[in-house]
Amino acid sequence: MPIEATFAHPQTPFGELGQPLNREKSIIGQLSVKADTESATTLIPLEDAYPDGGLRAWLVVLGCFLYACTVFGWGLNWGVLQDYYHTTMFPNTSLSILGTIIGLANFVSLKLVERITNPNGFQQKMIAISCSLAYLCLLASAFATKVYQLFLFQGCLLGLSQGIGMPLYFSLCSQWFLKRRGLATGIAVSGSGIGGGIETLLMRQLIVKIGYRNTMLTFSSLHAVIWIFAWFLLKERLHPGLNPTAKKRWLPKKITGSFCSVALSMFFGVFGYLTPYYLSATYTRQMVTTLDSNSLLVTVPLIVMNFCLGIGRITAGRLADIFGATNMFFCSFFIGGLLQMVFWTFARSYATIMVFSVLNGLIGSWFMSLLPVVCAKLFGVEGLSTITGFMILANSPGQFVGTTIAAVVLSSSGNNWTAVSLYSGSMQIMGALCILYARFNKERSIFVKV
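Quick caveat, the model's predicted, so the values are computed rather than measured. (Residues numbered from 1 in each chain as written. Predicted model: local features only at pLDDT ≥ 70, side-chain atom pairs only at ≥ 80, totals over all residues. Heavy atoms only, no water.)

Undergrad: Describe a positive patch on the surface, and please don't skip the residues or the numbers.
TA: Positive charge collects at one region of the surface, where R180, R318, K377, K442 and K449 lie side by side. Mapped onto the secondary structure, K449 falls in the segment after α18 (417–442). (Patch = residues over 30% accessible without salt bridge, like charges linked within 9 Å, V, L, I, M, F, W, Y side chains within 5 Å. Areas by Shrake-Rupley, 256 points an atom, 1.4 Å probe, with all protein chains shown as cover. Salt bridge = Lys/Arg side-chain N within 4 Å of Asp/Glu carboxyl O. Lys, Arg positive; Asp, Glu negative; His and termini not counted. Charge placed at Lys NZ, Arg CZ, Asp CG, Glu CD. Helix = DSSP H or I, 4+ residues; strand = E, 2+ residues; numbered from the N terminus.)

Following this line, the structure appears as structure tokens:
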């Protein structure tokens, strides 16, 4: 039977004196699910519409966490591969060109988000297709010997594969949680940092000891095992007040100023977000010349940054539940930008690079895990996968050319890293300023949980 979401007053529409009660006040926090029959309306309190815990809900979080470890973690692991390509496999190829490979993968994957995402019952099928294709791309890239082959397998085709399932890892947790939605989503997406740290550590050790081809074969096989296990942990859950047969929309019914505010925040902020991750190994090697280029110490700042990113995203989820997701979203971009412009600019010793890596990982990447929570808060849960997907799509230009622009700034300024930190930090500050319209349009008071 078709399901219709409505609000209804409990018991009777009249008070003790026979006067109609204030309908607006009486319906707060109640969701009425009305069957298409002559039976009375059944009331479901909004809090009861979500499990907000339980074994099944947390297994979904674990499954999303494992996907984040391998899918998003792979992108954060790119700095090790890029440095290896630049120093060993393709020494005559510039950083700006090599950086475009991962930029292309990010752009293609995010471009697909809006078109592939379907919130009405196909998440797990699309995830299975996504993982199968991604495995084949990683396997094929093990035999790459030319730069154009890397563009094909680690850029275009891998991005295509990951883009099919990427937004679903973000939105599945929101189907199972309400009060603890920020914490659950933060734990799930924290896999990107934790997985990125583990993969960075393994990649650096393996690529030196067993070579590039065997390393890629090992990684592709490891990813396949993890994806198969994680797939069986996932389970879709449609909101009981939403119509599962509703026609899919590519955009919300009405494009509001708040919608544009969030989209612009993602658009500008991401131009500076990935620069410290992708260029960390190169920066450390150039600033601390006493280090052996094959030493693990070269990549330790990146490893630490990735692990701290995972911890930071869990913390951000908890802070979002306490202080508001939109407030923490702003803080992530703003503080992350300041860290790059002020701290990274003067981080010239190994110790200061390590401190910057810790702080940037803990704070500068909150926004990505908070995005679906912000969208749910500002726009509701209906069509959440599609809305989240569009917001992810908005950051595709920054994912594509953000680090490439940073590499161009580096080369055109005569290897001046200060120019790089000022560029990337200012873009994050711009992202923070853009979200302010949506924040204050929702609630004008500063000290309010939004």
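Now that the structure is up, let's keep going.
Undergrad: Tell me about the pattern of salt bridges, residues and numbers included.
TA: Per the stated rule, a full pass over the model turns up two salt bridges. Its salt-bridge partner being D83, residue R204 comes within 3.8 Å of it at the nearest N-O pair. A residue pair is termed long-range when its members are at least 10 positions apart, and R204 in helix α8 (residues 191–209) and D83 in helix α3 (residues 78–89) qualify at 121 residues. Residue R204 is classed as buried on the basis of its relative accessible area, which comes to 5%. According to the relative accessible area criterion, D83 is buried, its value standing at 2%. Its salt-bridge partner being R285, residue D83 comes within 2.6 Å of it at the nearest N-O pair. Placement of the pair is D83 in helix α3 and R285 in helix α11 (residues 275–287), with a sequence separation of 202 residues. (Buried < 20%, exposed > 50% of the residue type's maximum accessible area, 1.4 Å probe, protein only.)

Undergrad: Now, about the packing of aromatic side chains: what can you tell me, with residues and values included?
TA: Tallied over the full model, the rule gives 21 aromatic pairs. Taken together, a centroid distance of 6.3 Å and an interplanar angle of 65 degrees make the contact between W74 and F219 edge-to-face. Taken together, the residues span a long stretch of sequence, with W74 in helix α2 (residues 55–76) and F219 in helix α9 (residues 212–231) at a distance of 145 residues. W74 sits in the buried class, given a relative accessible area of 2%. (Phe/Tyr/Trp six-rings, centres within 6.5 Å; stacked < 30°, edge-to-face > 60°.)

Undergrad: Help me get a handle on the packing of helix α7 (residues 181–189) against helix α12 (residues 300–323), residues and values and all.
TA: One way to put it is that α7 packs onto α12 with a least axis distance of 7 Å and a crossing angle of 170 degrees. By the criterion of interaxial angle, the relationship of α7 to α12 is roughly antiparallel. Counting all contacts with α7, which are made through R181, G182, L183, G186, I187 and V189, the residues of α12 involved are R313, I314, G317, R318 and D321. The class makeup of the residues in the contact of α7 with α12 is four nonpolar, three polar and four charged. (Axes fitted to C-alpha atoms, helices over the stretch in contact; angles between N-to-C directions. Parallel < 35°, antiparallel > 145°, perpendicular 65-115°, else oblique. Contact = heavy atoms within 4.5 Å. Nonpolar A, V, L, I, M, F, W, Y, C, P; charged D, E, K, R; others polar.)

Undergrad: Explain the environment of L62 residue by residue, including any values.
TA: Summarising the element assignment, L62 is placed in helix α2. L62 gets classed as partly exposed once you look at its relative accessible area, which sits at 34%. Spatially, the C-alpha atom of L62 lies 8.3 Å from that of I187, the residues being 125 residues apart in sequence.

Undergrad: Explain unusual backbone geometry to me, and be specific about the residues and the numbers.
TA: With a phi close to 65 degrees, N415 is a non-glycine residue in the positive phi region. Structurally, N415 can be placed in the loop between α17 (396–412) and α18.

Undergrad: Account for helix α14 (residues 350–363), naming residues and giving values.
TA: Because each turn of an α-helix spans 3.6 residues, side chains separated by three or four positions end up pointing in the same direction. An ideal rise of 1.5 Å per residue puts 20 Å on 14 residues; α14 measures up with 20 Å between its terminal C-alpha atoms. Taken together, the buried positions of α14 are occupied by I353, F356, S357, N360 and G361. Buried residues of α14 fall within an arc of 120 degrees about the axis and therefore sit on the same side. Taken together, the buried residues of α14 touch α11, α12 and α13 (325–343). (Expected span 1.5 Å × (residues − 1). Arc of directions from axis to C-beta.)

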